[in-house]
Amino acid sequence: METVARLRRGFERVMEVIVVLLMVALATLIVVAVIYRKMGDSFAWYDEVASIMLAWLTYYGAALAAAKRAHIGFEGIVEGVDRRLGVALVLIGEAVVIGFFAVLAWTGWTVLQVLAGDTLVSLTWVPVQVTQSVIPIGAVLFIVGQLLSLPETLRKIWAGEKHNAEIDLEELENVLDESEAELPQPGRAAGAEVRR
Amino acid sequence: MTMAFMVIGLLGLIMINVPIAVALGAITVVAMVTTQGMWILPNVGLVMYDGATSFPLLAIPMFILAGAIMNATGISRRLIAFASALFGFIRGGLSMVSIGASLFFAEISGSAVADVAAMGSILIPAMKKKKYPRALAAAVTSSSATLAIIIPPSIPMILYAVMSDSSVVKLFVAGIVPGVLGGFGLMCMAYYFAKKYDLPTETAFDLPQLWATFKDAALAFILPLIILGGIFGGYVTATEGGGLAVLAALVLGAFVYRELDLRHLIDSMVEGGTQTAVVMLLVAASALVGVYLTEQQIPQKLAAGILALTDNRYAVLALLNLFFLAIGLFLHSAAAIILVVPVVMPLVNAVGIDPVHFGLIVTLNLGIGQQTPPVASVLITACSIAKANVWEVSKINVYFVAVLLVTLLLVTYVPAVPMTLVEFFYG
């Protein structure tokens, strides 16, 4: 149990680093491309590459969300029924999720074989095999994230704890403690704080 | 037959807590294989990849990121200070401040949950200190956050534009008047409750004060206005505008306000990236469904079926509104847009409803859905901050939701309300 929890945290850290790098790269690419275009020199490859990066963000981020159980779903029923039934239903659901991503990983892999030799339209030195690799890799990572968070999910159902998809209550407590510090009073103009 | 199987299977999987995106994908794969055979399978990988590579949808992570950075620079505090100088002299001042600050924040952020978290974590404790009933505090903050999704930029509008193949810029413009009207309506309702509970005013109206707080907050809402102007004027696309908003937020935080909290920034990026991925996985799965539905001509059949009953535009709008209100009870707005919009678009086009007008109806309608339990992301966030019970808050929130419903009716049946500005700029 402990080991799984530690593995899951490690997995989340790695995925978080990838997600942050992709977000930074995307924002930088878009800003630089706009500035260049306004200066009359546009990159022909910019929309294609940016869109591909969004697909990467989608699947690496989805694996992270799987580990955090953050995907949009409806947990009312499995939490509401008898816990034995709840666990059974969750296990069926997990089988569906893993089955779907296994199919996706396999079809993604098949597609990679077919695409051997193809390159991007705008950047002919980038093989499509690299950009499309996100499907089989992302699908496998999703399965890993799902499996690593499964014991915790089952434990919660068994213990009858309610899952709160929207917010981490503990995190919220911290936010509230920090904001206990009064409402900004117009009296002491925030201007004074700016120069601080 | 296959269609009935798909709907039942989908509902069944969602009931046992399979993520909606995965349920959609899994059911579609089964339907594809049974109707077309195993050879279709490699398409699944291709479509799930193509579905996620969309240039217009890049605006979503950009606006989420810009909002997150703005928030890490203490922007919500500044907006609230300005709103208190502007509205604090009215009875029940803090409610007014909450609604006013939400209006300003809406122009930076595209997400109602982000809005309620940013405003609520400061204003709800302040209201409780001033002896506001906590249910009222939660209700005001929650309902005013809905404005964030009809005032540009708006993440649900970006999704709608891509799903319905309509102009995101026109949608943004269409949201301005209903957003301001809705905000005014909420303020009137807040005033009624202030009288009822005999709530205090905050500050006397003080012009130098207003000017001082305005100067401090000015850049924070003028920069986004300039960027929106760039989008409206066609100088940059919505995605590029989002990128520029990120840049503006960074410059503002690092050089003007000098209080960019790096730890907070990285956390917000992880959070924003995850949110984007959750929505995008739904988009990719819906691309898969879309291929299948198009093949089977299902949206066209649905449109023909309803048109056989009535082709009255107002009746169809009423029907669609009721339908969206009903699914808003159980689905997140992003999921509802991705699932339903592609299916109803042929019907909407057939009865001659402007897709931009319809987009605003859908967005506002699903914004109301975020206020109605059981699935009510915004309301639940507000309740957790206020440590108040969802039902207790709903008893008061129902009045504020009524204001939003009136706005929805106005938007639905008086197209001039959302569309006049659109006609003016692009007519």
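Here the structure is a predicted model, which is why all the values come from computation and not from measurement.

About the thresholds
Residue indices follow the written sequence of each chain, beginning from 1 at its first position. Here the convention is simple: chains get letters from A, ligands get numbers from 1, in the order in which they are written. Totals for whole chains, interfaces and linings use every residue, but because this is a predicted model, local features are given only for residues with pLDDT of at least 70 and side-chain atom pairs only at 80 or more, for both listing and counting. Side-chain numbers come from the whole structure's heavy atoms, not from hydrogens or water. Only runs of H or I of at least four residues qualify as helices and only runs of E of at least two qualify as strands under DSSP, and these elements are numbered from the N terminus. Note on exposure labels: buried denotes an accessible area under 20% of the residue type's maximum, exposed denotes more than 50%, and partly exposed covers the range between, all computed with a 1.4 Å probe on protein chains only. In this description, accessible areas are obtained by the Shrake-Rupley approach with a 1.4 Å probe, and a residue is regarded as covered only by the protein chains that are shown. Per-residue confidence from the predictor is reported as pLDDT, a score between 0 and 100. Take the buried Ala, Val, Leu, Ile, Met, Phe, Trp, Tyr and Cys residues and link them wherever side-chain atoms come within 4.5 Å; each set so joined is a nonpolar core. In this description, contact between two residues means that some pair of their heavy atoms is separated by no more than 4.5 Å. In this description, buried area is defined as the sum, over both parts, of the accessible area (probe of 1.4 Å) that is lost when the two are combined. Any carboxyl oxygen of Asp or Glu that lies within 4 Å of a side-chain nitrogen of Lys or Arg is treated as forming a salt bridge with it. Nitrogen and oxygen atoms within 3.5 Å of one another constitute a polar contact, given that in protein one can donate a hydrogen and the other can accept it, and given that sequence-neighbouring residues count only through two side-chain atoms. The rule is simple: put a 1 Å grid over the protein atoms alone, call a set of points where a 1.4 Å probe fits but cannot get out a cavity, call an open set with protein on both sides within 12 Å along at least five of seven lines a pocket, and count a residue as lining if it has an atom within 4 Å of a point. Grid points are joined across faces, edges and corners, and a volume is the space filled by probe spheres set on the points. Under this grouping Gly is polar, as are all residues other than the nonpolar Ala, Val, Leu, Ile, Met, Phe, Trp, Tyr, Cys and Pro and the charged Asp, Glu, Lys and Arg.

For chain A, the helix and strand inventory stands at eight helices and zero strands. For chain A, the N- to C-terminal ordering of α and β elements is α-α-α-α-α-α-α-α. With 196 residues in all, chain A has 45% of them scored as buried. Entry remark: accessible area of chain A is about 10000 Å², with carbon and sulfur atoms responsible for 63%.

Let us now look at the confidence of the model for chain B. Parts of the model with low pLDDT should not have their predicted coordinates read in detail. Averaged over all residues, the pLDDT of chain B is 89; the fraction at 70 or higher stands at 100%. In the predicted complex, the global pTM is 0.85; the interface-specific ipTM is 0.85.

Glancing now at unusual backbone geometry. Residue and element names in this part refer to chain B. Put simply, Pro152 and Pro153 share a cis peptide bond, and its omega is -10 degrees. For Pro153, the location among the structural elements is in the loop between helix 9 (147-150) and helix 10 (155-164). For Asn17, which is not a glycine, the phi torsion comes out positive at approximately 70 degrees. Of note, Asn17 is situated in the loop between helix 1 (2-15) and helix 2 (20-36). Among the residues examined, Asn17 registers a relative accessible area of 25% and is labelled partly exposed. The residue Asp198 is not glycine, and still its phi comes out positive at about 55 degrees. Along the chain, Asp198 turns up in the loop between helix 11 (168-197) and helix 12 (207-232). When its relative accessible area of 56% is taken as the criterion, Asp198 is described as exposed.

This next bit is on the environment of B:Ala81. One can find B:Ala81 in helix 5 (residues 75-87). Separated by 222 residues in sequence, B:Ala81 and B:Ala303 place their C-alpha atoms 50 Å apart.

Nonpolar side chains in soluble globular proteins tend to end up buried together. Core analysis: the biggest nonpolar cluster contains 228 residues, and A:Tyr59, A:Phe101, A:Leu104, B:Met48, B:Leu159, B:Phe358 and B:Phe400 have the highest contact counts within it. The dominant element in this core, judged by the number of residues it contributes, is helix 2 (residues 46-67) of chain A, at 16 residues.

Next up on the list: the interface of chain B and chain A. At the interface, 77 residues of chain B touch 73 residues of chain A. Summed over both partners, the interface of chain B with chain A comes to about 6500 Å²; 76% of that surface belongs to carbon and sulfur atoms. At the boundary of chain B and chain A, one finds one salt bridge. At the boundary of chain B with chain A, the tally comes to eight residue pairs in polar contact (both at pLDDT 80 or more). Tallying contributions element by element places helix 14 (residues 262-296) of chain B first for the side of chain B that touches chain A, with 13 residues.

Residues and elements named next belong to chain B. If you walk through the whole model with that rule in mind, you get three cavities of 30 Å³ or more. Looking at the largest cavity, its volume works out to about 100 Å³. If you go around the largest cavity, the residues you meet are Phe63, Ala66, Met70, Glu107, Ile108, Pro153, Leu223, Pro224, Ile227, Leu228, Ala245 and Ala248. Put simply, the parts of the chain that give the lining of the largest cavity at least two residues each are helix 4 (59-72), helix 12 and helix 13 (238-256). Class assignment of the residues belonging to the lining of the largest cavity gives a composition of 11 nonpolar, no polar and one charged.

For the rest of this paragraph, the subject is the pattern of salt bridges. Residues and elements named next belong to chain A. Following the criterion strictly, the structure yields 14 salt bridges over all chains and no others. The residue Glu94 makes a salt bridge to Arg69 at a minimum N-O spacing of 2.8 Å. One end of the pair, Glu94, is in helix 4 (residues 83-114); the other, Arg69, is in the loop between helix 2 and helix 3 (76-80), with 25 residues separating them in the sequence. Assessed through its relative accessible area of 6%, Glu94 is described here as buried.

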